Amino acid sequence: MIRMNLTRRIWLSFLSLLVLVGLSMIIIYPISIQGTLTEETYRIIEQQQRQLVNPFSEQFSPPDPDDALIDPSSRAVGHIFFADQVAAPGVGDEVPEELEEAYQEMFERALAQESETGRYEFTYQDSTVFYIVTRIDASEDGEVEEAYYISFMWDAYRDSMVNQLWENLVYLMLITSALSLLPVMWLTRYLRKPLRLLGNHFEQIAKRNWKEPFHWEGDEDFQKLSDQFELMRQNLIRYDSAQKTFMQHASHELKTPITVVKTYAQSVKDGVLPKNTVEESMDVILQESDRMDKRVKDMLYFTKLGNLKKDTINLEALSFGALAYELEERYRLQRDDLDFIVEGAAIRFQGDPDHIQILLENLIENALRYAKSTIWIRAEEADQYVTLIVENDGKAISEEDMETMFEPFRKGNKGQFGLGLAIVKQITELHRGHHGVFNVNGRVSFQMTLPRRT
């Protein structure tokens, strides 16, 4: 495929249109105009013939020679009176010598004609003769016999008219083509300017320089395109900022456990025990390693969720009770001082089993850090939705903290960073649901509402 810029494409389209119109006129115009002028030729012959038969006919209106488009001589109509097998020229006409050989055919057509009038044509010496035969009743010596008026015209009139109209059409096309150059040049300049500016901004974005805003005032379509480009630029800025923030927090999250592990390992190697015994020192190393392992897994999982689409999750029928009781048994061992209450165990809904389990795990782990005595794991259903709720009786959350609760690496009131609630938010959105946190009746309530789909 030939590659061309916008200017060449516009000019090629313009020239192609001209060629197409020209070919259409060359093919269609002569055929259509010849048929029309042939009909006009017969009409002129009929008028001349009626004038000859009845000079006072109101149907005849002689043309003004001064207003004729072509030479009036080409409109000349010859007449032949044919009666009793004898032909004679019309009044004032001389029988053309070139028609002498064609008389026989014209007479045979006249004798075979059953209607009162008839239209005929034939080609003679590379020219076409159009003629009309009119049958009349003539009286001679009291006897009535049939007679015929044959009026004819050569195709010189029609061909001259076609040529004249064709010449006028050519002039018209040339003038129209010349005038069309102005809008084509204007269109070329009109399209090139905004596209060139847009291309320059794309080039800057390719170089990761997206600080300069872009907005086009003018045509509605280009303005819409510029608004879409500006929205993309702003999204790139936000994405870049989020990536930088993510890397900063990720480095901070991994730096502390790595430093602790490295320090304790070096101390043990040097024979200096940071704790009282080797076992206690190694326990600290294992704890920090577990912490680092969880951080790495959370970051990988968070990144994976960001790359998933809503139509790629695996939806299955789930029982809330099966999930909740399993998690209750697991986390009860971590804090035996807490009471776990499961409600709505019979509710069923559709969701991705792995994602929903991780969602509940993160909500419960968050509740474990703040609960005083009780954690509620509950499900509620309404219409076509089911709401998964995890509540604790810890300290109420301020309005300011609620707005940033689900942001990645948000620092809690106990000074901990994490991705748990950010992961909860992404899983909820992957299931086409919405999330929220509320202070309700002395409890902190995390609520994830999902389409039930059952």
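As the structure is a computational prediction, the values presented were derived from the model and not from experiment.

Here is what the cut-offs are and how they apply
Residues numbered from 1 in each chain as written. Predicted model: local features only at pLDDT ≥ 70, side-chain atom pairs only at ≥ 80, totals over all residues. Heavy atoms only, no water. pLDDT = per-residue confidence, 0-100. Helix = DSSP H or I, 4+ residues; strand = E, 2+ residues; numbered from the N terminus. Contact = heavy atoms within 4.5 Å. Patch = residues over 30% accessible without salt bridge, like charges linked within 9 Å, V, L, I, M, F, W, Y side chains within 5 Å. Areas by Shrake-Rupley, 256 points an atom, 1.4 Å probe, with all protein chains shown as cover. Salt bridge = Lys/Arg side-chain N within 4 Å of Asp/Glu carboxyl O. Buried < 20%, exposed > 50% of the residue type's maximum accessible area, 1.4 Å probe, protein only. Pairing = 2+ DSSP bridges. Axes fitted to C-alpha atoms, helices over the stretch in contact; angles between N-to-C directions. 1 Å grid on protein atoms, 1.4 Å probe; cavity = no way out; pocket = protein on both sides within 12 Å on 5 of 7 lines; lining within 4 Å. Points joined across faces, edges and corners; volume = space filled by probe spheres on them. Nonpolar A, V, L, I, M, F, W, Y, C, P; charged D, E, K, R; others polar. Expected span 1.5 Å × (residues − 1). Polar contact = N/O pair within 3.5 Å; in protein donor to acceptor, adjacent residues only side chain to side chain.

(A) Just the confidence of the model for the protein, in detail. Of all residues in the protein, 74% attain a pLDDT of 70 or more, and the chain-wide mean is 76. Strand β10 (residues 385-392) holds the highest mean pLDDT among the elements of the protein, 95, whereas strand β2 (residues 86-89) holds the lowest, 50. Considering only residues more than four positions removed or in separate chains, one finds that residues 56-72, a stretch of pLDDT under 50, has 14 contacts. Confidence drops under a pLDDT of 50 for residues 88-95, and excluding neighbours within four residues, the segment shows 13 contacts in the predicted structure.

(B) Expanded view of a nonpolar patch on the surface. Among the surface-exposed residues, I175, L179, L181, L182 and M185 lie close enough to one another that they form a single nonpolar patch of about 470 Å² accessible area. Mapped onto the secondary structure, L181 falls in helix α3 (residues 156-206). Using a relative accessible area of 32% as the deciding quantity, one classes L181 as partly exposed.

(C) Representation of the sheet that holds strand β11 (residues 434-440) within the structure. Read from one edge to the other, the open sheet built from five strands follows the order β7-β9-β10-β12-β11, with strand pairing classed as mixed. The sheet terminates laterally at β7 (339-343) and β11, the two strands that pair on one side only. Within the sheet, the average angular offset between the axes of one strand and its neighbour, ignoring direction, is 15°. Inspection of the sheet shows β11 paired to strand β12 (residues 443-451) by seven bridges, in the antiparallel sense. Bridged to F438 within β12 is S445. Contacting β7, β9 (374-382) and β10, helix α6 (residues 320-332) runs over the sheet at an angle of about 175° to β7. Strand contacts of helix α7 (residues 353-370): β7, β9, β10 and β12, with the helix running at about 25° to β10, the strand carrying the most contacts.

(D) The arrangement of empty space enclosed by the protein in detail. In this structure the tally under the stated criterion is three cavities of 30 Å³ or more. Within this model, the largest cavity holds a volume of roughly 50 Å³. Residue lining of the largest cavity: H201, Q204, I205, N209, W210, E212, F229 and R233, and that is the complete set. Elements that contribute at least two residues to the lining of the largest cavity include exactly α3 and α4 (220-269). Looking at the lining of the largest cavity element by element, the count peaks at three residues for α3. A class-by-class count of the residues in the lining of the largest cavity yields three nonpolar, three polar and two charged.

(E) Just α7, in detail. The end-to-end C-alpha distance of α7, which contains 18 residues, comes to 27 Å, matching closely the 26 Å that a straight helix rising 1.5 Å per residue would cover. Regarding α7, its N-cap is D352, as a side-chain oxygen of that residue lies 3.1 Å from the backbone nitrogen of D354 further along.

(F) The environment of Q426, seen in detail. Looking at the element boundaries, Q426 is found in helix α9 (residues 420-430). For the pair Q426 and F302, spaced 124 residues apart in the sequence, the C-alpha separation amounts to 8.1 Å.

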